[in-house]
Amino acid sequence: MSRAQLTSTVEQNTGGAVAPFVGGKNFIINGGMDVWQRGTSSSSSGGYYTADRWYQVSGSVTYSQETSIVPTGFQYALKGTTSASVQVLYGQAIETAHAIRLAGQTVTLSYYGATSDSSSVYFRIDYATTVDQGISSGTWTIINTITKSATPTMPSSPQQATFAIPSNAKTLRVFIGNAGSQASGGTTTITGVQLEVGSVATPFSRAGGTLQGELALCQRYLPAITNVQSSSNNTDSFNGYAYQTNGVLYSIPFSVPARVPPTGITLSGTFSGYGLNTPYTITPLFNAATNNVATVYASTGITITAGQGSRLGILGGSSILFTGCEL
Amino acid sequence: MATVTNYQNLNGEDCVQVTNDDGSIWSGLKSVYEATLAANSAPQANSTES
């Protein structure tokens, strides 16, 4: 560890001159499980379904938001509940633009982990020598796997493990969770995940520094429009026009440019297309996207004259997720 | 069982609309959907990010 790193670690641990919460120190996005744009519970695996940026590896597991088994200072954790004897694993890939900074470095991976059967928790980092390698494809090499003891309650300080990242690493992926199979009904709960330079775990910081910063980082991988209003009268609105009679096209700009252009949309809830002032219930279809904006359209369900202006309403409780931007 | 409907977007590209059992709907490029099918023997529509 360099003198600067050591000084930073000491200062952070003692609450000295370096602020304990530092944006950019943590290479894991949404390590505090603050952002859940896709939802808070899912039994699907082999993809991203609940907490943003966390790949759900294992089948026969229900992944859900946990609010009780959390360490002091955290609101949420990600919990996996098994429905068969299975190893609960969560993964996150780190794109090259970030991971390249860790090439040739000693890094520390830390998190708070609890297991209902007091089985050990798992630390693993893999690397790929290809740029922006997808988490579930291509060639990966395991750097190391490490296990640490755990209990049914969260520890007062995080479990941690140190790794040496090869100098030719271009993309990294992290796997954490349970070190072995848990019987049906077992739980593995994690939060406060941090990957940082150096051989000592320092106090957890959001990668984005703030809640808004963390949300922006997440939306680089999942642009989303989520209307959290409870009333259907409070709609998010996006402008468009009738590209043909009874056919409407809308533009939806992203709050944060996406990592790569999305390739699809996932709809949840109810959507209205307005022809003059009359609302029609429509089901928008994915048309096309860049990393800055997407267009969606509907050619059924609305009565409108070609060339008229129109408005897309995303009703309260509804959402559009723009998919295909994850690694 | 998800329901899959083919369509072409306004650029003439092949796309699909997938209605899931939970009521959520995914639509997007057919090539992405087919790649997901190839990678996952039991795909969900919103697993097209994997």
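Q: Tell me about the confidence of the model for chain B, and name the residues and values.
A: Model confidence for chain B is summarised by a mean pLDDT of 81, while 78% of its residues fall at 70 or above. Taken together, the stretch residues 41–50 of chain B has pLDDT below 50 and engages in 31 contacts with residues farther than four places along the chain or on a different chain.

Q: Report on the interface of chain B and chain A, specifying residues and quantitative values.
A: At the interface, 21 residues of chain B touch 29 residues of chain A. Buried area between chain B and chain A, summed over both chains or domains, comes out near 1800 Å², and the portion from carbon and sulfur atoms is 53%. Where chain B touches chain A, the interface holds zero salt bridges. The tally of links from chain B across to chain A stands at nine residue pairs in polar contact (both at pLDDT 80 or more). Elements that contribute at least two residues to the side of chain B that touches chain A include exactly β1 (3–8) and β3 (25–29) of chain B. Here the side of chain B that touches chain A gets five residues from one element, more than from any other, and that element is β3(B). Taken together, the residues that form the side of chain B that touches chain A break down as six nonpolar, 13 polar and two charged. Where strand β16 (residues 264–268) of chain A lies against β3(B), four bridges are found, and the strand directions are antiparallel. When the bridges of β3(B) are listed, L267(A) appears paired with I25(B).

Q: Quick one: what's the story with helix α3 (residues 211–219) of chain A, residue by residue and with numbers?
A: The complete set of buried residues in α3(A) reads G213(A), E214(A), C218(A) and Q219(A). In this structure, the buried side of α3(A) is in contact with β13 (224–226) of chain A.

Q: Got a sec to walk through helix α1 (residues 30–39) of chain B? Specific residues and values, please.
A: Residue and element names in this part refer to chain B. The complete set of buried residues in α1 reads V32, Y33 and T36. Angular distribution of buried residues about the axis of α1 spans 100°; they occupy a single face of the element. Of the surrounding secondary structure, the elements contacted by the buried residues of α1 are β1, β2 (14–19) and β3.

Q: Quick one: what's the story with the packing of aromatic side chains, residue by residue and with numbers?
A: Residues and elements named next belong to chain A. For the structure shown, the criterion picks out ten aromatic pairs over all chains. Relative to Y90, the ring of Y63 has its centre 5.9 Å away and its plane inclined at 75°; by these criteria the two rings are edge-to-face. Here Y90 lies in strand β6 (residues 89–94) and Y63 lies in strand β4 (residues 61–66), a separation of 27 residues in the sequence. By the burial criterion, Y63 is buried, and Y90 matches it. Aromatic side chains Y111 and F123 sit 4.7 Å apart centroid to centroid with 40° between the ring planes, which places their arrangement in the tilted category. You can see Y111 sitting in strand β7 (residues 106–115) and its partner F123 sitting in strand β8 (residues 121–128), a full twelve residues away along the chain. The burial state of Y111 is the same as that of F123; both residues are buried. Of the aromatic side chains, those joined through ring pairs into one cluster are F74, Y112 and F204. Residue placement shows R53 over the ring face of Y221; its charged tip is 3.7 Å from the ring centre.

Q: I'd like a rundown of the sheet that holds strand β9 (residues 141–148) of chain A, residues and numbers included.
A: Residue and element names in this part refer to chain A. The strand order across the open sheet built from six strands is β2-β3-β6-β11-β8-β9, with neighbouring strands paired in antiparallel fashion. Because the sheet does not close on itself, it has two edges, and the strands there are β2 (47–48) and β9. Both β8 and strand β11 (residues 171–178) contribute to a ladder of eight bridges, which runs antiparallel. Along β11, the bridge assignment pairs Y122 with G177.

Q: Please give an account of the environment of L102(A) that cites residues and values.
A: Residues and elements named next belong to chain A. When you line up the elements, L102 lands in the loop between α2 (96–99) and β7. Through-space distance from the C-alpha of L102 to that of T270 is 44 Å; in sequence the pair is 168 residues apart. Sequence-distant contacts of L102, defined by excluding residues within four places in its chain, comprise F27, V107, I165, L172, L195 and V197.

Calculation notes
- Each chain has its residues counted from 1, following the order in which its sequence is written.
- Following the order in which they are written, the chains are lettered starting with A and the ligands numbered starting with 1.
- Per-residue local features are limited, in this predicted model, to residues with pLDDT of at least 70; the limit for side-chain atom pairs, both in listing and counting, is 80 or more; totals at the level of whole chains, interfaces and linings are taken over all residues.
- Side-chain measures here rest on the full set of heavy atoms in the structure, leaving out hydrogens and waters.
- Scored from 0 to 100, pLDDT reflects the predictor's confidence in each residue.
- Here, two residues are considered to be in contact whenever any of their heavy atoms come within 4.5 Å of each other.
- The quantity reported as buried area is the accessible area (1.4 Å probe) lost by two parts once they are put together, taken as the sum for both.
- Salt bridges are identified by distance alone: a Lys or Arg side-chain nitrogen within 4 Å of an Asp or Glu carboxyl oxygen.
- A 3.5 Å cut-off defines polar contacts: any pair of N or O atoms within that distance qualifies, except that in protein one atom must be a possible hydrogen donor and the other a possible acceptor, and neighbouring residues in sequence count only when both atoms are side-chain atoms.
- Helix and strand assignments come from DSSP, with helices taken as H or I runs of at least 4 residues and strands as E runs of at least 2, each series counted from the N terminus.
- The nonpolar class holds Ala, Val, Leu, Ile, Met, Phe, Trp, Tyr, Cys and Pro. Asp, Glu, Lys and Arg form the charged class, and all remaining residues, Gly among them, are polar.
- DSSP-based pairing: two strands are paired if at least 2 bridges between them are found.
- Categorising residues by exposure relies on relative accessible area from a 1.4 Å probe, with only protein chains included: less than 20% of the type maximum marks a residue as buried, more than 50% marks it as exposed, and the intermediate range marks it as partly exposed.
- To obtain the arc, one takes the directions from the helix axis to the C-beta atoms.
- Between the rings of Phe, Tyr and Trp (Trp by its six-membered ring), a pair exists once the centres lie within 6.5 Å; its type follows the angle of the planes, with under 30 degrees stacked, over 60 edge-to-face, and the other angles tilted.
- Two thresholds decide whether a charge sits over a ring: the Lys NZ or Arg CZ must be within 6 Å of the ring centre and within 35 degrees of the ring normal.

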